[in-house]
Amino acid sequence: MTGNQASVGENGCVPPRISVVVPCYNERANVCPMVDALHRALAGREWEVIFVDDDSPDGTIHVVRQVGARDARVRGLLRLGRRGLSSAVIEGILSSSAEIVAVMDGDMQHDERCLGQLIDAISSGGNDIAIGSRHVEGGDSRGLASRWRHMLSDAGIRIARKFLPVEVSDPMSGFFAIRRGLFVRIAPRLSGTGFKILLDIIMSAPGALRVAEVPFVFRARVAGESKLDSMVLIQFATMLLDRVCHGYLPVRFVSFCIVGLLGIGVNLAVLSVLVQCGVGFRVGQLVGTYVSMIGNFWLNNTLTYRDRRLRGGAMFRGLCLFVLSCSVGAVANIGVAQMILNDGRYWTWASVAGAAIAAVWNYAVSSTLIWKVR
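Residues numbered from 1 in each chain as written. Predicted model: local features only at pLDDT ≥ 70, side-chain atom pairs only at ≥ 80, totals over all residues. Heavy atoms only, no water.

Points about the overall build of the protein chain
Within the protein chain, the regular secondary structure consists of 12 helices and 7 strands. Considering the protein chain as a whole, with its 374 residues, one finds that 48% of them fall into the buried category. The contacts in the protein chain between residues at least 6 apart in sequence include a share of 75% that link residues at least 24 apart. Counting every atom, the protein chain has about 17600 Å² of accessible surface; 60% of that belongs to carbon and sulfur. (Helix = DSSP H or I, 4+ residues; strand = E, 2+ residues; numbered from the N terminus. Buried < 20%, exposed > 50% of the residue type's maximum accessible area, 1.4 Å probe, protein only. Contact = heavy atoms within 4.5 Å. Areas by Shrake-Rupley, 256 points an atom, 1.4 Å probe, with all protein chains shown as cover.)

Okay, structure coming up:
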């Protein structure tokens, strides 16, 4: 068997040698243009495209199914109760049976015309992974929406390259191809969090990967809107820390600790203002506790449990349950803080100790009652 030839399965169908995995959320308008573009870019090859949709409210998966009913090369994988680009890519690749898997965003900003070069760099046998790079000669990142996005990307690349076992010019790229068998071996090591799955793969590989980089121009988005927000920076930092610690320090735990520290800061700030305004310590500590509790809920819902994020009525019910359950922790918080204060300690230390007790209780509640796996 040579070239693009492939063996025919028992049902008479030629199995795809290439799977293109497209994680998507609210990309309804881009599904048909992307399928058309892939037909042109991969003409003469045996391929399929797998859209991994995180239950988009705009009905992305319905468009995928309509196209798939007419074109057997188009498949849709619907995920319920969880979100996240990295985990979507992992599930998409593991659902494929093709020899080579390519990953690209669903917003049409990755140049599908470069797919052939990425695939050939893998099929030649000389490389483990081929990366679409904006930062080698011929590449460009002009499609980034704002100066802030440019700064964020450049800063992330500089930081990431200091920790990589191989030289890669664009470790933040979301456009790459890899042999599926290699990915399957690496998959159990992946953190599966955040947006930078390529960085996760390179840092999780048991040895240094053979890398090829193909230049491409990052295009401007035509339809839809960017899913990246300010929280991506924190997610990137926690994922990088998780990789440096070889998974012994789970990302979710790190994130929860960061939120907890911010909550202590909020508690202290509120208490300080109230004490200076003549409010008694007990009342000030009570108010500070509940303000930090609400803030912690919002941050954990936005960051720590982003893949299980509560929305609408579910978020309101979650907040009520969180406040109700954590009231037990609040009682312990105030009691411990008052005991330490009566022992002659300064109110700041008393507040920190009380808030720490509440944080432990909040973690237990969060993990078992509020953001449980559905």
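Regarding unusual backbone geometry
Non-glycine residue Asn-26 carries a positive phi angle of around 55°. On the secondary structure map, Asn-26 appears in the loop between strand S1 (18-24) and helix H1 (31-41). Taking relative accessible area as the criterion, Asn-26 reaches 25% and is therefore assigned partly exposed.

As for the pattern of salt bridges
Counted according to the given criterion, the structure contains 8 salt bridges. Residues Glu-99 and Arg-17 are paired through a salt bridge, measuring 3.2 Å at the closest nitrogen-oxygen approach. Taken together, the positions of Glu-99 in the loop between helix H3 (85-94) and strand S4 (100-103) and Arg-17 in the segment before S1 put the pair 82 residues apart, joining distant regions of the chain. Residue classification places Glu-99 among the partly exposed residues on the basis of a relative accessible area of 38%. (Salt bridge = Lys/Arg side-chain N within 4 Å of Asp/Glu carboxyl O.)

Focus on the side chain of Ser-292
For Ser-292, the location among the structural elements is in helix H10 (residues 281-304). Take Ser-292: its relative accessible area is 9%, and that puts it in the buried class. The contact partners of Ser-292, leaving out residues within four places of it in the chain, are Gly-263, Val-266 and Asn-267.

Points about the packing of H1 against helix H2 (residues 60-70)
At a closest axis distance of 10 Å, the pairing of H1 and H2 adopts a crossing angle of 40°. On the basis of their axis angle, the class for H1 and H2 is oblique. Packed against H1, whose contacting residues are Val-31, Cys-32 and Val-35, the element H2 presents Thr-60, Val-63, Val-64 and Val-67 at the interface. Of the residues in the contact of H1 with H2, the class split is 6 nonpolar, 1 polar and no charged. (Axes fitted to C-alpha atoms, helices over the stretch in contact; angles between N-to-C directions. Parallel < 35°, antiparallel > 145°, perpendicular 65-115°, else oblique. Nonpolar A, V, L, I, M, F, W, Y, C, P; charged D, E, K, R; others polar.)

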